[in-house]
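What the coordinates show
In case you want the letters, here they are:
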Amino acid sequence: MSNMSTFSREANAWIDPRGAFGATASWRDGLITRDNLAARPLAAAESYFTPSLPVEVHCHGLGDVDFSNFAEIDLFAVDKHAASEGLLCIPTLYLRQERLDGFVEFMRGFAALKADGQLPFVPAIALEGPLVASFGGTPASSVWAPSKEEWEKLAGCGPLGLVYIMISPDALQSSSYLAAQFTPDHPSLEWIVTRLVENGVRPALGHFAKENPQIGADCIEEVLATAEAADCPHSGVRVVTDHLFNEMPLLIKHAFRTSRARANRDALLASYDLPSWNLKDLHEQVGPVPAAIMRGAHQGRIAACLNFDGEHVDFAIAKRAIEIVGPQNMMLMTDRSDTARLAGQNLHQEAGSDLWYQEQGVVAAGTQPIDQQIANVRALGISETDIWHLVSFTAYRTFFPEIDLGAEQFRLGCQVDAERQRIALL
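Worth saying up front: this structure is predicted, and the values here are computed from it rather than measured.

**Notes on the confidence of the model for the chain**
- Chain-level pLDDT for the chain is 86 on average; 86% of the residues reach the 70-or-more range.
- Within the model, the stretch residues 1–6 combines pLDDT values under 50 with 10 contacts to residues more than four positions away or in other chains.
- Confidence over residues 415–426 falls short of pLDDT 50; this stretch has 51 contacts with residues more than four positions distant or in other chains.

As structure tokens, this is what we get:
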């Protein structure tokens, strides 16, 4: 953090969504660039400015704050911690049915704080669930089938700052965990998606049932078509996803978390022939559900999240997904919690893993902060400009299209230095 009137810094370049510009960039009460003629790649040791901070688009806890119970979240502590790391955080909450009215009140309080110019590093709120077909790491107590009245309350939180709700597109199908809860009075998928989008809430697709992958893929297309037909109050992307490859039916093994699995990793990846993966044949290469997501993202209809801790998804598979979809259509997500407790459950780590686990070996969350994951992506040989699409530019285009990049904040980075400084709210 720095006072604008006294801050001075030099860098080799300025990166924005168009690329890297300028042989020299400096900040002295404003950005100055020279030789600002054309986009160019950065040399290995060059430092640079970027016009925005990284965005934690799916995060379960920062510092000592567990986001599971909204009634106990100290938003000022979250904002302070996010500022200390130089990032924007979208807390991802769980919601039990009996706490719906309390959540609406929480969102009203959040909106009032934002309207008062507070919480600059907490721009929005998100929900994981409750409409979940296969809950995996999502607490079972937060998985339920809202009625029309309850969906109206949830959708009404859009103008208050709720930017997305993770839903399973196939949650209304017979293979869903929730199938027994539905009655003829429950709303259709089309009705749910329409009401959410009309209120500015993005459906975030995830946690698919495994029994019939083609049904899941068909439901993705139904969500996209419905979202595109609805009236929408914002110009950002209308549909996002939970983390790609996790909690969905696959034709591949996407992660190698044990020593036994890692022993077979290279042979399995060779058999997948990753360089041959292409948009046309993805349904046969990775499966109908991830293929539908990747095609929709490539078309700009979806902003797809992908984890880069190396354990949620293998690095080689994650890198190939970026190449196919394009970094402008993807967002890095950490699924991070800094505490060993989530939604009333004690979590633990296992030997050789950075992940948090519930009982029975179910993955609950990640632990790697966003700077570590940025370093992971950099180690894969991804360009700095593409990295910033993944960690910031795509999130801004998706969630905050009204913000002019560069108007309020910037970050100073360096390709080869693990310690990067970020300066915000200048």
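**A few points about the pairing of strand S6 (residues 47–50)**
- Neither face of S6 is exposed, since Ser47 and Phe49 on one face and Tyr48 and Thr50 on the opposite face are all buried.
- Bridge count between strand S2 (residues 13–16) and S6: 2 bridges; the pairing is parallel. Bridge pairing in S6 links Ala13 to Tyr48.

**Regarding the side chain of His58**
- Note on placement: His58 falls in strand S7 (residues 55–62).
- With a relative accessible area of 2%, His58 lands in the buried category.
- Those residues within four positions of His58 in sequence are excluded, and the remaining contacts are Ile90, Thr92, Glu128, Tyr164, Asp242, Met333, Thr334, Asp335 and Arg336.

**Quick look at helix H5 (residues 213–229)**
- The end-to-end C-alpha separation of H5 is 25 Å, in line with the 24 Å expected for 17 residues at 1.5 Å each.
- Along H5, the residues classified as buried are Gly216, Ala217, Cys219, Ile220, Val223, Leu224, Thr226 and Ala227.
- In the core, the buried residues of H5 are packed alongside helix H4 (189–198), strand S12 (202–205), strand S13 (239–243), helix H9 (288–298) and strand S14 (302–307).

**A word on the environment of Glu402**
- Along the chain, Glu402 turns up in the loop between helix H12 (384–399) and strand S21 (410–414).
- Separated by 168 residues in the primary sequence, Glu402 and His234 have C-alpha atoms spaced 8.5 Å apart.

**Notes on the packing of aromatic side chains**
- Using the criterion set out here, one finds 6 aromatic pairs in the structure.
- Between Phe70 and Phe103 the ring centres are 5.7 Å apart and the planes differ by 70 degrees, which places this aromatic pair in the edge-to-face class. With Phe70 in the loop between strand S8 (65–66) and helix H1 (75–85) and Phe103 in helix H2 (residues 100–115), this pair connects stretches of sequence that are 33 residues apart.
- We classify Phe70 as buried; its relative accessible area is 8%.

**Re the nonpolar core**
- By size, the foremost hydrophobic cluster in this structure holds 125 residues, and its most contacted members are Phe103 and Phe399.
- With 8 residues, the single largest contributor to this core is H12.
- Discounting residues that sit within four places of it in the chain, Phe399 has contacts with Val57, Ile90, Val163, Tyr164, Arg202, Val240 and Met331.

**Some words on H1**
- Buried residues of H1: Leu75, Val78, Asp79, Ala82, Ala83 and Glu85, and no others. Mapping the buried residues of H1 onto a view down its axis gives an arc of 165 degrees, with all of them on the same face. Within H1, the exposed residues directed more than 90 degrees away from the buried face are Lys80 and Ser84.
- The opening residue of H1 is Asp74, an N-cap whose side-chain oxygen sits 3.1 Å from the backbone nitrogen of Phe76.
- One or two positions beyond H1, positive phi appears at Gly86, with a value near 70 degrees.

**Quick notes on the pattern of salt bridges**
- Under the criterion given, the structure shown has 15 salt bridges.
- When the shortest N-O distance is used, the salt bridge between Arg195 and Glu152 registers 2.8 Å. A residue pair is termed long-range when its members are at least 10 positions apart, and Arg195 in helix H4 and Glu152 in helix H3 (residues 148–155) qualify at 43 residues.
- Here Arg195 falls in the partly exposed class, since its relative accessible area comes to 21%.
- Classification of Glu152 by relative accessible area gives partly exposed; the value is 33%.
- Residue Asp266 is joined to Arg265 by a salt bridge in which the shortest nitrogen-to-oxygen separation is 2.9 Å.
- On the basis of relative accessible area, Arg265 is assigned to the partly exposed category, the value being 24%.
- Residues joined by salt bridges that share partners form a network here, namely Glu56, Glu85 and Arg336.

**Describing the packing of H3 against H4**
- Between H3 and H4, the least distance of the axes is 9 Å, while the angle of their chain directions is 25 degrees. By the angle class used here, H3 and H4 are roughly parallel. Regarding H3 and H4, the two cross each other, and that crossing is right-handed. Side by side, H3 and H4 meet where Lys148, Trp151, Glu152 and Ala155 of the first sit next to Trp191, Ile192, Arg195 and Leu196 of the second.
- The class makeup of the residues in the contact of H3 with H4 is 5 nonpolar, no polar and 3 charged.

**A short note on the packing of H9 against helix H10 (residues 315–325)**
- It is the contact of H9 with H10, at a shortest axis distance of 9 Å, that shows an interaxial angle of 45 degrees. Judged by the inter-axis angle, H9 sits oblique to H10. Within the contact between the two elements, H9 uses Met294, Ala297 and His298 and H10 uses Ala321, Ile324 and Val325.
- Partitioned by chemical class, the residues of the contact of H9 with H10 number 5 nonpolar, 1 polar and no charged.

**With respect to unusual backbone geometry**
- The omega angle of the peptide bond from Gly129 to Pro130 is 20 degrees, so this bond is cis rather than trans.
- Structurally, Pro130 is set in the loop between strand S10 (125–128) and H3.
- Of note in this structure, Phe245 is not a glycine but carries a positive phi near 85 degrees.
- Structurally, Phe245 is set in the loop between S13 and helix H6 (259–263).
- Judged by relative accessible area, Phe245 falls into the buried class, the value being 0%.
- A positive phi angle, close to 55 degrees, is found at Asp335, a residue other than glycine.
- Structurally, the position occupied by Asp335 is in the loop between strand S15 (330–333) and strand S16 (336–337).

Thresholds applied
- Residues numbered from 1 in each chain as written.
- Predicted model: local features only at pLDDT ≥ 70, side-chain atom pairs only at ≥ 80, totals over all residues.
- Heavy atoms only, no water.
- pLDDT = per-residue confidence, 0-100.
- Contact = heavy atoms within 4.5 Å.
- Buried < 20%, exposed > 50% of the residue type's maximum accessible area, 1.4 Å probe, protein only.
- Helix = DSSP H or I, 4+ residues; strand = E, 2+ residues; numbered from the N terminus.
- Pairing = 2+ DSSP bridges.
- Expected span 1.5 Å × (residues − 1).
- Phe/Tyr/Trp six-rings, centres within 6.5 Å; stacked < 30°, edge-to-face > 60°.
- Core = buried A, V, L, I, M, F, W, Y, C linked by side-chain atoms within 4.5 Å.
- Arc of directions from axis to C-beta.
- Polar contact = N/O pair within 3.5 Å; in protein donor to acceptor, adjacent residues only side chain to side chain.
- Salt bridge = Lys/Arg side-chain N within 4 Å of Asp/Glu carboxyl O.
- Axes fitted to C-alpha atoms, helices over the stretch in contact; angles between N-to-C directions.
- Parallel < 35°, antiparallel > 145°, perpendicular 65-115°, else oblique.
- Left-handed = near helix turned anticlockwise from the far one by under 90°.
- Nonpolar A, V, L, I, M, F, W, Y, C, P; charged D, E, K, R; others polar.

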